[in-house]
Amino acid sequence: MNFDQISLAEKIDQLEQIELNEQEETNEEVYIKLMIFYILSDEAMKAKFLWKRIPLRLKQSNTDLSKLWPIVQNFVLRKYAVAFQLANQLTNFSNDELRNLFGHFTERMREKIFSLVQEAYSSIRIKDLANLLQLDEEKIIKISMQNEWEIDESRTFLQPKKVPSTEFLQINNRLQLENLTKIVSFIET
């Protein structure tokens, strides 16, 4: 299951239309998918507001939705270790489609956090990364090696491989020269 940003946006639009059309009769599955897609597309506040507009009858019952919310809430609060710990405990969904979607969601969030660590850290203890992602240390080492990270001799620290930035600013020299000329002309007058 591979979702790019465009297909996520389309799926979100479709689910929002279903929610608008069905209103109080919207089923739990629509809300679960919508909440997961919001988080996957980095729209945490929309997920939070979705929770506020979900009918109380769906929130209070012991449903997949009520089990998913604490996980999403911890992602919104950036308490990743708690979110992954809760996600590891949530294994049973009412149908296979939701189970697969939740599995994809959990893996995608781990990838996002892993890449954030890669960008932000020059070194990190294996134990700390394992705790953050709620994976065992051997799996962390395996994932790190697949991403060409370096490991120290004592097998205590990882050094993330620095990924070159793909963002380049387009600089229009002519436009800058025009602006500079306007500024100098203004100052001289």
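Basis of the calculations
Residue indices begin from 1 for each chain and proceed along its sequence in written order. The model is predicted, so local features are restricted to residues of pLDDT at least 70 and side-chain atom pairs to those at 80 or more, both for listing and for counting; the totals for chains, interfaces and linings are taken over all residues. With hydrogens and water set aside, each side-chain value is computed from the structure's full complement of heavy atoms. Helix axes use the C-alpha atoms of the stretch in contact, all axes being lines fitted to C-alpha atoms, and the angles between their N-to-C directions lie in the range 0 to 180 degrees. Think of it this way: any DSSP run of H or I at least four residues long counts as a helix, any run of E at least two long counts as a strand, and we number them from the N terminus. Angles below 35 degrees are treated as roughly parallel, those above 145 as roughly antiparallel, those between 65 and 115 as roughly perpendicular, and all remaining angles as oblique. Contacts between residues were defined by any pair of non-hydrogen atoms, one from each residue, lying within 4.5 Å. In this classification, the charged set is Asp, Glu, Lys and Arg, the nonpolar set is Ala, Val, Leu, Ile, Met, Phe, Trp, Tyr, Cys and Pro, and all remaining amino acids, among them Gly, are polar. Only protein chains enter the accessibility calculation, which uses a 1.4 Å probe. A residue is then buried if its area is under 20% of the maximum for its type, exposed if over 50%, and partly exposed in between. By construction, the arc corresponds to the directions joining the helix axis to the C-beta atoms. One confidence number per residue, pLDDT, is output by the predictor and ranges from 0 to 100. Paired strands are those between which DSSP finds at least two bridges. Crossings are sorted by hand: turned counterclockwise from the far helix by less than a right angle, the near helix makes the crossing left-handed, and turned clockwise it makes it right-handed. Two distance rules govern patches: like charges are joined within 9 Å, and nonpolar side chains (Val, Leu, Ile, Met, Phe, Trp, Tyr) within 5 Å, applied only to residues with over 30% relative accessible area and no salt bridge. Accessible surface is estimated by sampling points in the Shrake-Rupley manner with a 1.4 Å probe; for residues, cover comes only from the protein chains shown. By definition, a salt bridge exists where a carboxyl oxygen of Asp or Glu is found within 4 Å of a side-chain nitrogen of Lys or Arg. Two aromatic rings from Phe, Tyr or Trp, using only the six-membered ring of Trp, form a pair when their centres are within 6.5 Å; if the ring planes differ by under 30 degrees the pair is stacked, by over 60 it is edge-to-face, and anything between is tilted.

When two helices pack together, their arrangement is captured by the angle between the axes and the distance separating the axes. As a packed pair, helix α8 (residues 126-133) and helix α9 (residues 137-146) sit with axes 9 Å apart at the nearest point and diverge in direction by 100 degrees. In this view, α8 runs roughly perpendicular relative to α9, as classed from their interaxial angle. Of the residues in α9, those in contact with I126, K127, L129, A130 and L133 of α8 are E137, I140, I141 and S144. Here the residues of the contact of α8 with α9 sort into six nonpolar, one polar and two charged.

Buried within helix α3 (residues 44-53) we find A47, L50 and W51. Taken end-on, α3 shows its buried residues confined to a sector of 100 degrees, consistent with a single buried face.

Overall, the predicted model of the protein chain reaches an average pLDDT of 87, with 93% of residues at or above 70. Of all the helices and strands in the protein chain, helix α10 (residues 173-188) carries the lowest mean pLDDT, 80, while α8 carries the highest, 95.

As summarised here, the arrangement of the three strands in space is β1-β3-β2, forming an open sheet in which the pairing is antiparallel. Edge positions in the sheet fall to β1 (124-125) and β2 (150-151), since each of these pairs with one other strand and no more. Where β2 meets strand β3 (residues 157-159), two bridges bridge the pair, whose relative direction is antiparallel. Opposite I151, over in β3, you have L158 as the bridge partner.

Turning next to the packing of helix α2 (residues 28-40) against helix α5 (residues 64-76). Close contact between α2 and α5 brings their axes to 10 Å; oriented N to C, the two are set at 15 degrees. With respect to each other, α2 and α5 are oriented roughly parallel. Crossing hand, α2 versus α5: left-handed. Contact with α2, carried on its side by E28, Y31, I32, M35, I36 and I39, involves D64, L65, L68, W69, V72 and V76 of α5 and no other residues of that element. Here the contact of α2 with α5 is composed, by residue class, of ten nonpolar, no polar and two charged.

A grouping of L177, L180 and V184 is seen on the molecular surface, where their side chains present a nonpolar patch of about 270 Å² in accessible area. Turning to its location among the elements, L177 is positioned in helix α10.

Another point: the pattern of salt bridges. This structure, assessed with the given rule, holds eleven salt bridges. In this structure, the salt-bridge partner of R110 is E107, at a minimum N-O distance of 3.6 Å. In this pair, R110 and E107 both sit in helix α7 (residues 96-120), three residues apart, roughly one turn of the helix. One connected set of salt bridges, linked through shared partners, spans E29, K33 and E97.

The subject of this paragraph is the packing of aromatic side chains. Under the definition given, this model contains six aromatic pairs. Relative to Y80, the ring of F75 lies with its centre 6.1 Å away and its plane at 45 degrees, an arrangement referred to as tilted. As far as the burial class goes, F75 and Y80 line up, both buried. For the ring pair F75 and F84, a centre distance of 5.2 Å and an interplane angle of 80 degrees mean the geometry is edge-to-face. Across this residue pair, the class does not change: F75 and F84 are buried.

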